[in-house]
Amino acid sequence: MSGVDPTPERERRRNPYTAMAVATTSLIDGDAATADVTVVTDAMRRAYRTLDDYLEAEPENAASAGVVMALLGNYGMGKTHLAVRLVRRARAALGGSTKAIYLDANAEDFLSLYLRFMREVTKEALVTQVRDYYADVVAASLQETGLSGDALQALTAGQVTPQRVIRELGMLESALLRRVQETLVGVTGDHDFSTVLTLLLRNGFDDAVWLWLTGGEPDEILVDRGITRRIDNELAALEALRVIALLFSGLRNRFVLVIDELDKIFSAHHRPNDTLMARFQDLLAVSARTGACLVLCGLPDVWEVLTPAVRARIPVRVDLAGLTEAEITEFLLESHRSVLDQDGIEPFTQVAVRTIGRLTRGYARDVIRLCRKAFRLADNASVVAGRDVLVDEVVLQAAAADEFGAPNLDDVVGQIWRLAERQGWNPHRDHMLGASVLARADFWITFPEFDSGCALLLAPSLLADGEVARLLDRVAALRAAAPGIEVVVVVVGVPTDTAVLRVRDVLDRDPLVVRPHSLADDVTAALESARTRLPRRDDTDELGGLRRQIDTWLARIANGQRELADVLVRRVDDLAATVHPAEAPSDGVLPPTLADLFDEATAALTDLASIRVTPESFAHDVITASDPLVVELRDQRIVAATGSAVLLRQVIETFRLVLSQWYRTNSSRVDTRARDLLDRMCDTYDNITDSLPSRGALADLVRAGLLAGPTRQRAERALLDFSFRVREAALDAVTNR
């Protein structure tokens, strides 16, 4: 036996990256030492600075120092991560869990959001807050009457209750309670709420008050005081949310409310009606005016759904971006220091950091997931090899495939083909642009207004030098065969850092690395960008140019119309079967008020669809470029508005058909089931029309001066809040029958 000890087996190290790469709200009240590593980005600094400015404002300026802030970012950008840290930061500064509240709007309506808000507030905290108002009123009364200074000092210091001061000094309680109620009316702007909240100051009323505030039927003691309504719908809930938020931000207090995932309530598929949007607008305006801090978190699409008036009341907008290479490096360093007690990013390298950034676009959640998987793969390899193994492109490719799914080349081809057809890009598969076998584009995409086109080259991987060289040879052959073209390289795998640099040198841009869940958006963005660099067509053949434009528009309209038709068929069949499966709906049963709404809408859309193909268009041997029809068809805005108007008219006609059946069945009375069905029909109309570009097309025509006067006014008047007006007219027609 030799005297040399065998090399000790290398042990597996603890993975410094969390298994759940999602933010957790437990941090709000948990141990800060157990929190995930946080890299402070520019967006986070701005959000922290806005909150700190609010918290540090002078108390005497509280009534005018409120703020409303929006945190916007895609999935995995870190919105919730930042939101919970804002709440924790506010609670540390203000003290008390009810001074800063986090709400997750995951139930798609304001009623559920409000009820969750009340659970966070708690009955005890609400009673305490109202008693603070009582103490303020009693203190003011003591000052006015010149009664005991000692009592005033003890009251303001919280050493005695208002009730004890009143009892010992013989003050008139009923008069003081009236002053409290008057104060609360001034704070909340609502007589019912001030009446109910004042009852919390009297023994035995708190349970009845809490039941009503959380959506229950009003107790008899509330009915006796004129409280008969319930907080059981979105409008009532939003109003109640406003009142309670005002209550907690009054008395020169600071109050922070963070609403996360607002896109569950405000989205293209769940667009609140104008009344609800106006009530939400009021919440924002009042919060800022009375000294509250309201933070709204959601996807970027939320901003587009909000009305201009609502957006104007959100002065601070913070857009979260992907982590930069420097921020990813900092994240690696901090993770290793806190868990492994080591300085440095090993087994990662700066090359690996750049690759991680390309594969994840810097999305924090994906960065964490990829780092965790890559660290474990490299560490396992190190144990087997008995030496340190670094994270390289091969390791990252395996990690990405395991975490995000390995993209399949055939699937990518199919998705790109369907995308190009849907967009009307006239795609050609395996298109030869020259005699050389290398001058083949995996996809050749042309646009009617440009002389040239875009060649898409798909590379399954760019790990080997030979793969990169062949790709660049194809780029050179394509450019030689068709000067002026744009080339977009799509990598279905993980490219090496060197490969990216070589492609960038040739194309002046990085290759597009496939991310399965965002392929369509990524390819669309790459092609739209490439199209802007193409030379525009100097088309002397007017008829040929017209034909190409018409082909593109028809492809887009046909694809959109097929998708819309599928939705309509499914939803209309469901609704018709629910209403009255045995009878065919009749359009002659609607009362005049309802029929007029539909008549006006369809007439306005007929006016908007202003392109007319008449028999006279075929009176010439060949239609000329100066013909009015050709002139109109050459303007994409007119064609877009026409296509949208035609589709929207179909939607309204189908809506009318189904509503006629509903009215026939429920013309004598409307029960809960019938009302729910009516709401569903109106929501279906909103969901379908939200997907149409009709509003945008109309706005484009107005801005261009192509649509004005009676036509524009008629369309705007007929389509404004259409489903809301139909719903109200239908209910009124049944009620007044």
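First, a word on scope: everything that follows refers to the structure included in this document. (Residues numbered from 1 in each chain as written. Predicted model: local features only at pLDDT ≥ 70, side-chain atom pairs only at ≥ 80, totals over all residues. Heavy atoms only, no water.)

1. Let's talk about the nonpolar core
Stated formally: Working definition of a nonpolar core: buried Ala, Val, Leu, Ile, Met, Phe, Trp, Tyr and Cys residues. They are joined through side-chain atoms within 4.5 Å. For the exposure calls, accessible area comes from a 1.4 Å probe over protein chains only, and a residue counts as buried if that area is under 20% of its type's maximum, exposed if over 50%, partly exposed in between. Each helix corresponds to a stretch of at least 4 residues labelled H or I by DSSP, and each strand to a stretch of at least 2 residues labelled E; elements are numbered beginning at the N terminus. The contact criterion used is simple: two residues touch if any of their non-hydrogen atoms lie within 4.5 Å.
Within the largest apolar cluster, 66 residues are counted, with the highest numbers of intra-cluster contacts made by Tyr 114, Phe 117, Leu 126, Leu 213, Phe 266 and Phe 280. No other element matches the 10 residues that helix α11 (residues 234–249) contributes to this core. Not counting residues within four places of it along the chain, the set of residues in contact with Leu 126 comprises Met 118, Val 121, Leu 197, Leu 200, Trp 210, Leu 213, Ile 244, Leu 247 and Phe 248. In this structure, Val 651, Val 658, Phe 722 and Ala 729 belong to the second largest nonpolar core, which totals 32 residues.

2. Things to note about the packing of aromatic side chains
The test is simple: In this analysis, rings of Phe, Tyr and Trp, with Trp reduced to its six-membered ring, are considered paired at centre separations within 6.5 Å, and the interplanar angle assigns stacked below 30 degrees, edge-to-face beyond 60, and tilted for intermediate values. Whether a charge sits over a ring depends on NZ of Lys or CZ of Arg being within 6 Å of the ring centre and within 35 degrees of the ring normal.
For the structure shown, the criterion picks out 14 aromatic pairs. Between the aromatic rings of Tyr 17 and Phe 375, the centroid separation amounts to 6.1 Å while the plane-to-plane angle is 70°, which identifies the pairing as edge-to-face. Of this pair, Tyr 17 sits in the segment before α1 (42–55) while Phe 375 is found in helix α17 (residues 364–385), placing the two residues 358 residues apart along the sequence. For the pair Tyr 17 and Phe 375, a shared accessibility class is recorded, and that class is buried. Three or more aromatic residues joined by ring pairs form one cluster here, namely Tyr 17, Phe 331, Phe 348 and Phe 375. A cation over a ring is seen here: Arg 515 above Tyr 363, with NZ or CZ 5.0 Å from the ring centre.

3. Notes on the sheet that holds strand β3 (residues 255–260)
This is how the line gets drawn: For two strands to count as paired, DSSP must find a minimum of two bridges between them. Each axis is a line fitted through C-alpha atoms, taken for helices only over the stretch in contact, and angles between the N-to-C directions span 0 to 180 degrees.
A sheet is described by the order of its strands in space; here five strands give the open sequence β2-β3-β4-β1-β5, paired in parallel fashion. The open sheet has two free edges, formed respectively by β2 (100–104) and β5 (316–319), since each of these has just one partner strand. Recorded for the sheet is a direction-independent mean angle of 15° between the axes of neighbouring strands. Relative to β5, strand β1 (residues 67–72) is paired through four bridges, and the arrangement is parallel. Opposite Leu 72, over in β5, you have Asp 319 as the bridge partner. α1 contacts β1, β3, β4 (292–298) and β5 of the sheet and is inclined by roughly 150° relative to β5. Sheet strands in contact with helix α2 (residues 79–94) are β1, β2, β3 and β4, and its direction is about 160° off that of β2.

4. A few points about the packing of helix α8 (residues 191–198) against helix α9 (residues 206–213)
Basically, it comes down to this: Under this grouping Gly is polar, as are all residues other than the nonpolar Ala, Val, Leu, Ile, Met, Phe, Trp, Tyr, Cys and Pro and the charged Asp, Glu, Lys and Arg.
The geometry of α8 relative to α9 is characterised by a closest axis approach of 9 Å and an angle of 145° between their N-to-C directions. Where α8 approaches α9, its residues Phe 193, Val 196 and Leu 197 are matched on the opposing element by Val 209, Trp 212 and Leu 213. A class-by-class count of the residues in the contact of α8 with α9 yields six nonpolar, no polar and no charged.

5. Some thoughts on the sheet that holds strand β6 (residues 427–432)
Strand order in this open sheet of five strands is β6-β7-β8-β9-β10, and the pairing throughout is mixed. Lying at the two open borders of the sheet, with one neighbouring strand each, are β6 and β10 (512–513). As judged from the two bridges shared by strand β9 (residues 486–491) and β10, these two strands associate in the parallel manner. Residue Val 490 lies in a different strand from β10, and its bridge partner there is Leu 512. Across the face of the sheet, helix α22 (residues 519–531) comes into contact with β7 (440–446), β8 (453–459), β9 and β10 while running at roughly 140° to β8.

6. Section: helix α16 (residues 350–360)
Extensive coverage of α16 is indicated by the burial of eight of its 11 residues. Those residues of α16 lying buried are Ala 352, Val 353, Thr 355, Ile 356, Gly 357, Arg 358, Leu 359 and Thr 360. The inward-facing, buried residues of α16 abut α15 (325–340), α17, α18 (393–404), α21 (497–507) and β10. Immediately downstream of α16, the backbone of Arg 361 shows phi near 55°, a positive value.

7. A word on α8
With respect to burial, α8 is a largely interior element, seven of its eight residues being buried. Among all positions in α8, only Asp 192, Phe 193, Ser 194, Thr 195, Val 196, Leu 197 and Thr 198 are buried.

8. Comments concerning the pattern of salt bridges
Selection rule: What makes a salt bridge here is a side-chain nitrogen of Lys or Arg within 4 Å of a carboxyl oxygen of Asp or Glu, nothing more.
Under the counting rule described, the total for this entry stands at 31 salt bridges. In this structure, Arg 369 and Glu 403 form a salt bridge, with 2.9 Å as the shortest nitrogen-oxygen distance. With Arg 369 in helix α17 and Glu 403 in helix α18, the pair connects residues that are 34 residues apart, well separated along the chain. For Glu 403, a relative accessible area of 25% translates into the label partly exposed. Asp 379 is the salt-bridge partner of Arg 376, the closest N and O atoms lying 2.9 Å from each other.

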